[in-house]
Amino acid sequence: MTVESEFKNVSDWPNKLVSTTGTRDKLVIIDPVSQEEYFLKFPMVKENRDYSAENWSEVIAYEVGIALGFNVLRYELVEYNGKVGCLSKNMLSGIRNGALVEGHTILHESDTSYDPSDKHTYALYTFDFVREALQRYAGNLHVKEFVCILIFDAIIGNSDRHQSNWAIISYPEEQSVAVFKHKTAPIYDSGCCLGREFKESQIQSHLDDCNKFNKYIRGGKAELRTGKEVGKRKSSHKELLCFIKYANREELKLFVDNEINRVLQMYDREKTRIKTLVLQIDRNLPERYRLQYGLTKARKEFILQVIDARIDQLKCVLQCTHV
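Residues numbered from 1 in each chain as written. Predicted model: local features only at pLDDT ≥ 70, side-chain atom pairs only at ≥ 80, totals over all residues. Heavy atoms only, no water.

J.: Looking at this model, I keep getting lost on the packing of helix α1 (residues 54–67) against helix α8 (residues 250–280). Mind explaining?
T.: Packed helices, taken two at a time, are described by the angle between their axes plus the distance between the axes. The N-to-C vectors of α1 and α8 enclose an angle of 150°; their axes lie 9 Å apart at closest approach. The orientation of α1 with respect to α8, classified from their angle, is roughly antiparallel. When you trace α1 past α8, the crossing you get is right-handed. Where α1 abuts α8, its residues Ile60, Glu63, Val64 and Ala67 lie against Met266, Glu270, Arg273, Ile274, Leu277 and Val278. (Axes fitted to C-alpha atoms, helices over the stretch in contact; angles between N-to-C directions. Helix = DSSP H or I, 4+ residues; strand = E, 2+ residues; numbered from the N terminus. Parallel < 35°, antiparallel > 145°, perpendicular 65-115°, else oblique. Left-handed = near helix turned anticlockwise from the far one by under 90°. Contact = heavy atoms within 4.5 Å.)

See the structure below:
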């Protein structure tokens, strides 16, 4: 776990000027020793939207995911020119002639009329659409791996698994560049979770009021639609997973139940480890950054309670018998 890792200063890493997608400030920097590319992103901090805790949400999501057996891209906090950012390695590192094919490309290739930049098409971003597009592009195995991403999102309460936040890595066979192999990319960009949008006063009020806390858990929504939503309403993670189980997809019902049972068993074994991880996650943060970037005791407790409550929600998915 990275709680014991050194808090690195990467201010002297060369900056490669490459534009990246997303709403957060990002840089592409190069490790001067390995010459590998890394992405460095900073939390959104505006007058009415201070998401400083998003760095930690990303790191904790990674650590929890690894502890529970998910394939998650590693994130760690580093110092860069007086700021604290979240660092991750380029997923194509070590893959010769590889390409990261993000979800929006896969969906558009499946249906060229689909434009994810058009807000009027948001409701078309459904599980069935993704399932069919993945099957056409890379086969049925990747559908199940995509479902694993949705289960992981249910655990952390990630509300931002949009079309550019999942991908397939495509790379040529050794014998021929005309024949391509595919593998599902590690889970990435999962920082929109664990109450990262809450101010400290909101964190404490949710800890003090169990009704408010439970409402927050119930109110968490998945970005991916079931296709059964009314108007602009999104489904909860629980509703989405129940839909995947019971909407004419018998082949996925057993997979979802088996994967959730696997997670529940691992959580029982790893719960103490995860608690220690969260409580010690910022132990190596330099004192000069602690006031601005550190995690309060209340926020750590809130994060632990969120994970525990969302694990309980997975138990409800096992018990659901209809969409």
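J.: Would you mind showing me how to read the sheet that holds strand β3 (residues 26–30) here?
T.: The pairing of strands in a sheet happens through backbone hydrogen bonds and is either parallel or antiparallel. Taken in spatial order, the six strands make up an open sheet running β1-β5-β6-β4-β3-β2, and their pairing is mixed. Either end of the sheet is taken by a strand with one partner, and the two such strands are β1 (8–9) and β2 (15–16). Sheet topology places β2 next to β3; two bridges connect them, and they run antiparallel. Note on β3: the bridge partner recorded for Lys16 is Val28. Packing of α1 onto the sheet brings it into contact with β4 (37–41), β5 (76–80) and β6 (83–89), and relative to β6 it is tilted by some 30°. (Pairing = 2+ DSSP bridges.)

J.: Help me out: how do you make sense of the nonpolar core in this one?
T.: Nonpolar side chains in soluble globular proteins tend to be buried together. Among the nonpolar cores identified, the biggest contains 89 residues, and Phe70, Phe127 and Leu314 are the most heavily contacted of them. In contact with Leu314, not counting residues within four places along its chain, are Ile151, Ala154, Ile155, Leu241, Ile260, Val263 and Leu264. (Core = buried A, V, L, I, M, F, W, Y, C linked by side-chain atoms within 4.5 Å. Buried < 20%, exposed > 50% of the residue type's maximum accessible area, 1.4 Å probe, protein only.)

J.: Mind showing me how you'd approach the sheet that holds strand β7 (residues 99–102) here?
T.: Taken together, three strands build an open sheet; the order of strands is β7-β8-β9 and the sheet is antiparallel. Two strands bound the open sheet, and with one partner strand each, they are β7 and β9 (180–184). Neighbour to neighbour, the strand axes of the sheet diverge by 30° on average, direction disregarded. Pairing between strand β8 (residues 167–172) and β9: five bridges, direction antiparallel.

J.: Just checking my understanding: could you explain the side chain of Gln163 for this structure?
T.: Structurally, the position occupied by Gln163 is in the loop between α4 (141–156) and β8. The residues contacting Gln163, other than those within four sequence positions of it, are Glu102, Gly103, His104, Leu107, Tyr114, Pro116 and Tyr125.

J.: Please explain unusual backbone geometry as it appears in this structure.
T.: Both trends apply: most residues other than glycine have a negative phi, and most peptide bonds are in trans. You will see that Asn81, though not glycine, has its phi angle at about 50°, which is positive. Relative to the helices and strands, Asn81 is located in the loop between β5 and β6. Classification of Asn81 by relative accessible area gives exposed; the value is 53%. If you check the backbone angles, Asn97 has positive phi at about 60° while not being a glycine. For Asn97, a relative accessible area of 54% gives the class exposed.

Nothing here speaks to function; it is all geometry.
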